[in-house]
Amino acid sequence: MEIKYTIQGLLIYAAMAAYVFAFVTSLLLYLLTFVTSLLRRTKAGHLLYFLGFITTVLALSKQLLYLFGFIIAVLAFGYRWYDVRHVPLQNLFEVFLCLGMIIYPVSLFCRRVLRVGGQCADMLIGAIMLFPAGFVFSAQPRQLPPALQCWVFAPHVAVYVLSYIFMAKAAFQAIYQLAGEPSYYDEKFLPPEEATCRMICVGFPLLTLGLVLGSYWGKLAWGDYWGWDPKELWSLASWLVYIGYFHFRYMFGKKHPRINSLWAITAMAVIVVTLLWVNLSRFFSGLHSYAT
Amino acid sequence: MSRFRRALMWAGLIAIILLIFLSIYGAFVGAERAKDFFNSLPLSVYWLALTVMLIAGVGSFRRLVRVPSLLLIHLGCILVLVGAMWGSDAGHELQRRVSGIDKFPRGNMVIYEGRSTNLVQLEDDMPIDSFGELPFSIRLKDFRLEYYEPAYLQIQSREEQRWKIPVKINTEFSLGADLGTVTIVKAFENFKITIDGDKRTAFDAPQPGYNPALEVQIKHPDGTVRTQYAFKRFPGHIHTEDKFLLRYQRTISDYVSELQVIKNKEVVAEKSIEVNHPLHFGGYHFYQHYYDARAGQYTLLMVVSDSGLNVVYAGFLMLCIGVFWQLWPRRLSFAGAKLKSG
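Residues numbered from 1 in each chain as written. Chains lettered and ligands numbered in written order. Predicted model: local features only at pLDDT ≥ 70, side-chain atom pairs only at ≥ 80, totals over all residues. Heavy atoms only, no water.

## With respect to the side chain of B:Ser130
Step number 1: Mapped onto the elements of the fold, B:Ser130 is located in the loop between strand 2 (116-122) and strand 3 (131-147).
Step number 2: Excluding anything up to four places from it in sequence, B:Ser130 contacts B:Val120, B:Gln121 and B:Leu122. (Helix = DSSP H or I, 4+ residues; strand = E, 2+ residues; numbered from the N terminus. Contact = heavy atoms within 4.5 Å.)

Here is the structure:
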């Protein structure tokens, strides 16, 4: 755990703070909506008008804070790119920085196009993703070793990073589903079970492409498209859990929504192991050890 | 769903779950043991059963044939499995017996600069001195290491102060009024030193060797001048009277072997291979694998048979096209249409 007193570090902390404030504002907004719904029953006219005004201000602030966090995260990522002079996806510090950056556009895309909500959770995911970059992983710039100097490097990591965000959102929706269907949800958005499925449907092709590109790259660099390396095996396991999800859902549809959700959460847990434990633990030393 | 198809779906699901657990087990035992494990007889039976199950699935589920994307996904998986089996050690043995194709799966070649060879030391279950012969020879024209520019000199005082300066010959660098200045006088590729009484002469040895070093002049504030050497291969090198620990930091950016393929005494192909850029010739890929770290006189190539590779790549392509086709257009257009109507 270290605090980074550098421009890079300060940008990350600013983005994190914006995401956290946006999240807190979201919570306040939920609280206010709840209070307003209670007051409506008592017909407290003036107070309702005032609360409506506050709600509008908070909703606007939340969006602005979230957007501000994203812009700062883009700056942090761009600064890193300029600093290391290659696509900054070499190690976990850079990967988590990228994750913290792309959460905003993914969240926006999910709301506007895929009808999947959970923006409040996205803000929290953004802050959680930036935390390891800000406090845990070293930001020491490193030159690319020969194996990483390949055109597949950036697309392989980028599609994985993007798929992880979709899968993380799928897992959050699955947790909502397990926690019990909310009595009220915005009709603009899909119910959690369907939202989980849609997120997985969008993220899974990216996960597949990441796996295939990694395999192709392995052949170019190491002579094997499959080396039975721990990272490869864990990523295969996560891919297979989603394959299992699809087959289970094809067999039973929405008859067992809780089991569907458990598949999605299990897959995300395996992804977390693939991304973190495999790289950080001595248990799993292998060809991907440089990516720490 | 008929009883057979339901049973097939369950069998498929169980096979997937089993493979999840096997993959996790493999991750814990390490790559070498995992490779042996996944190539063992029971697992070979499993791979074969999985392939048969996939083929049976395509044959019995009409939807898998009617929906092209689903067909691509499942055929892609079948091709990957078939290609991998064809390219495995057992697959090579089968090729030898059935069609008389005599290829070895993989091995290593050591080639010295200016020499050629067609001998490949075989890997895996073969005895240590087993060699395979290629129907052509590979000649190493030149081997070289390439480095990132600039290289750096790291300086650390006994009070734990640190500096990192780019290597520029005859450029003075100030360490502050209390400590003096540092000048890099000369860079060596193969450092050697002769000692004649009190006189020491450092020089670049012309003989094969690899010992990169820097000659550094340190001017102290009292006017005294001292010469120190920083070595790439010996980063902790320091004398008791030295005030600074010096490190020569030079990062390798690439390993390059210039190869020629010789058949019937004629050069039929030529390529500079480096990491991520192998040579493909005569049914084998040649990879830059290792090199002579002491003197840079030879290169070590990894030779891998390309049997089954195109089948695996075709499977990858079909799998990717199928997955995107199946999951993206329908979901995205459906979501968009709903939003517009809503």
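## Let's talk about the sheet that holds strand 15 (residues 279-281) of chain B
All names here are of chain B.
Step number 1: Reading across from one edge, 14-13-3-2-1-17-16-15 is the order of the eight strands in this open sheet, with antiparallel pairing throughout. On the outer flanks of this sheet lie strand 14 (266-273) and strand 15, each paired with one strand and no other. The average undirected angle you get between the axes of adjacent strands in this sheet is 35°.
Step number 2: As paired strands, strand 1 (residues 106-112) and strand 17 (residues 298-305) are joined by seven bridges and run antiparallel to one another. If you follow Ile111 over to strand 17, its bridge partner there is Thr299. (Pairing = 2+ DSSP bridges. Axes fitted to C-alpha atoms, helices over the stretch in contact; angles between N-to-C directions.)

## What about the confidence of the model for chain B?
Step number 1: The pLDDT averaged across chain B works out to 90; a share of 95% of its residues lies at or above 70.
Step number 2: Of the two predicted TM-score estimates for the complex, the pTM is 0.89 and the ipTM is 0.90. (pLDDT = per-residue confidence, 0-100.)

## Concerning the pairing of strand 8 (residues 191-196) of chain B
Looking along a regular strand, one sees the side chains alternate between the two faces of the sheet.
Residue and element names in this part refer to chain B.
Step number 1: Here six bridges tie strand 8 to strand 9 (residues 199-204), and the two strands are oriented antiparallel to one another. Residue pairing for strand 9: Ile195 is matched across the bridge by Arg200.
Step number 2: What sits between the antiparallel neighbours strand 8 and strand 9 is a turn of two residues, in which Gly197 has the positive phi angle 65°.

## Concerning the packing of helix 1 (residues 3-29) of chain B against helix 3 (residues 41-60) of chain B
Residues and elements named next belong to chain B.
Step number 1: Contact geometry of helix 1 with helix 3 gives a least axis separation of 10 Å together with a crossing angle of 145°. Crossing hand, helix 1 versus helix 3: left-handed. For the pair helix 1 and helix 3, the contacting residues are Phe4, Arg5, Leu8, Ala11, Gly12, Ala15, Ile16, Leu18, Leu19 and Leu22 in the first and Leu43, Tyr46, Trp47, Leu50, Met53, Ala56, Gly57 and Ser60 in the second.
Step number 2: Class assignment of the residues belonging to the contact of helix 1 with helix 3 gives a composition of 14 nonpolar, three polar and one charged. (Left-handed = near helix turned anticlockwise from the far one by under 90°. Nonpolar A, V, L, I, M, F, W, Y, C, P; charged D, E, K, R; others polar.)

## Considering unusual backbone geometry
Residue and element names in this part refer to chain B.
Step number 1: Of note, the bond from Glu149 into Pro150 is cis; its omega dihedral lies within 30 degrees of zero at -10°.
Step number 2: Note on placement: Pro150 falls in the loop between strand 3 and strand 4 (152-157).
Step number 3: The backbone phi angle of Asn276 is positive, close to 80°, even though this residue is not glycine.
Step number 4: Along the polypeptide, Asn276 turns up in the loop between strand 14 and strand 15.

## What about the packing of aromatic side chains?
Step number 1: Counted under the stated rule, the structure contains 41 aromatic pairs over all chains.
Step number 2: Relative to A:Trp81, the ring of A:Phe77 lies with its centre 6.2 Å away and its plane at 85°, an arrangement referred to as edge-to-face. A residue pair is termed a helical-turn pair when its members lie 3 or 4 positions apart in one helix, as A:Phe77 and A:Trp81 do in helix 2 (residues 45-84) at four residues.
Step number 3: When its relative accessible area of 9% is taken as the criterion, A:Phe77 is described as buried.
Step number 4: Residues B:Tyr112 and B:Tyr298 carry aromatic rings whose centres are separated by 5.2 Å and whose planes lie at 55° to one another, so their mutual orientation is tilted. Here the residue B:Tyr112 occupies a position in strand 1, and B:Tyr298 occupies one in strand 17, the gap between them amounting to 186 residues.
Step number 5: Overall, the relative accessible area of 37% leaves B:Tyr112 in the partly exposed class.
Step number 6: Owing to a relative accessible area of 22%, B:Tyr298 belongs among the partly exposed residues under this scheme.
Step number 7: Among the aromatic residues, those joined into a ring-pair cluster are A:Trp226, A:Trp228, B:Tyr25, B:Phe37, B:Phe38, B:Tyr46 and B:Trp47.
Step number 8: Looking at B:Arg5, its charged tip hangs above the ring of B:Phe61, at a distance of 5.9 Å from the centre. (Phe/Tyr/Trp six-rings, centres within 6.5 Å; stacked < 30°, edge-to-face > 60°. Buried < 20%, exposed > 50% of the residue type's maximum accessible area, 1.4 Å probe, protein only. Lys NZ or Arg CZ within 6 Å of the ring centre and 35° of its normal.)

## As for the packing of helix 5 (residues 153-179) of chain A against helix 8 (residues 257-280) of chain A
Residue and element names in this part refer to chain A.
Step number 1: The interhelical angle for the contact between helix 5 and helix 8, taken along N-to-C directions, is 140°, at an axis separation of 8 Å. Between helix 5 and helix 8, the crossing angle belongs to the class labelled oblique. Relative to helix 8, the crossing made by helix 5 is left-handed. Here Tyr164, Met167, Ala168, Ala171, Ala174, Ile175, Gln177 and Leu178 of helix 5 lie close against helix 8, whose contacting residues are Pro257, Arg258, Ser261, Leu262, Ala264, Ile265, Met268, Ile271, Thr274 and Leu275.
Step number 2: Residue composition of the contact of helix 5 with helix 8, grouped by class: 14 nonpolar, three polar and one charged. (Parallel < 35°, antiparallel > 145°, perpendicular 65-115°, else oblique.)

## As for the pairing of strand 14 of chain B
Residues and elements named next belong to chain B.
Step number 1: Pairing between strand 13 (residues 252-263) and strand 14: seven bridges, direction antiparallel. From the neighbouring strand, Ser257 faces strand 14, where its bridge partner is Ile273.
Step number 2: In this antiparallel pair of consecutive strands, strand 13 and strand 14, the connection spans two residues, and Asn264 shows a positive phi of 50°.

## What about the interface of chain A and chain B?
In many reports, interface size means the accessible area that the parts give up when they come together.
Step number 1: The interface of chain A with chain B comprises 54 residues on the first partner and 59 residues on the second.
Step number 2: Both faces considered, chain A and chain B share a buried interface measuring about 4900 Å² in area, 72% of it formed by carbon and sulfur atoms.
Step number 3: When the area that chain A buries against chain B is broken down by residue, the three leading residues are A:Tyr225, A:Trp228 and A:Met251, summing to 15%.
Step number 4: Connecting chain A to chain B are one salt bridge.
Step number 5: In this structure, B:Arg106 and A:Asp224 form a salt bridge, with 2.4 Å as the shortest nitrogen-oxygen distance.
Step number 6: Our enumeration of links across chain A and chain B arrives at eleven residue pairs in polar contact (both at pLDDT 80 or more).
Step number 7: For the side of chain A that touches chain B, the secondary-structure elements that each account for two or more residues are helix 3 (92-114), helix 6 (192-222), helix 7 (230-252) and helix 8 of chain A.
Step number 8: Considering each element in turn, the side of chain A that touches chain B owes the most residues, 17 residues, to helix 6 of chain A.
Step number 9: For the side of chain A that touches chain B, the class distribution of residues is 40 nonpolar, eight polar and six charged. (Buried area = accessible area lost by both parts, 1.4 Å probe. Salt bridge = Lys/Arg side-chain N within 4 Å of Asp/Glu carboxyl O. Polar contact = N/O pair within 3.5 Å; in protein donor to acceptor, adjacent residues only side chain to side chain.)

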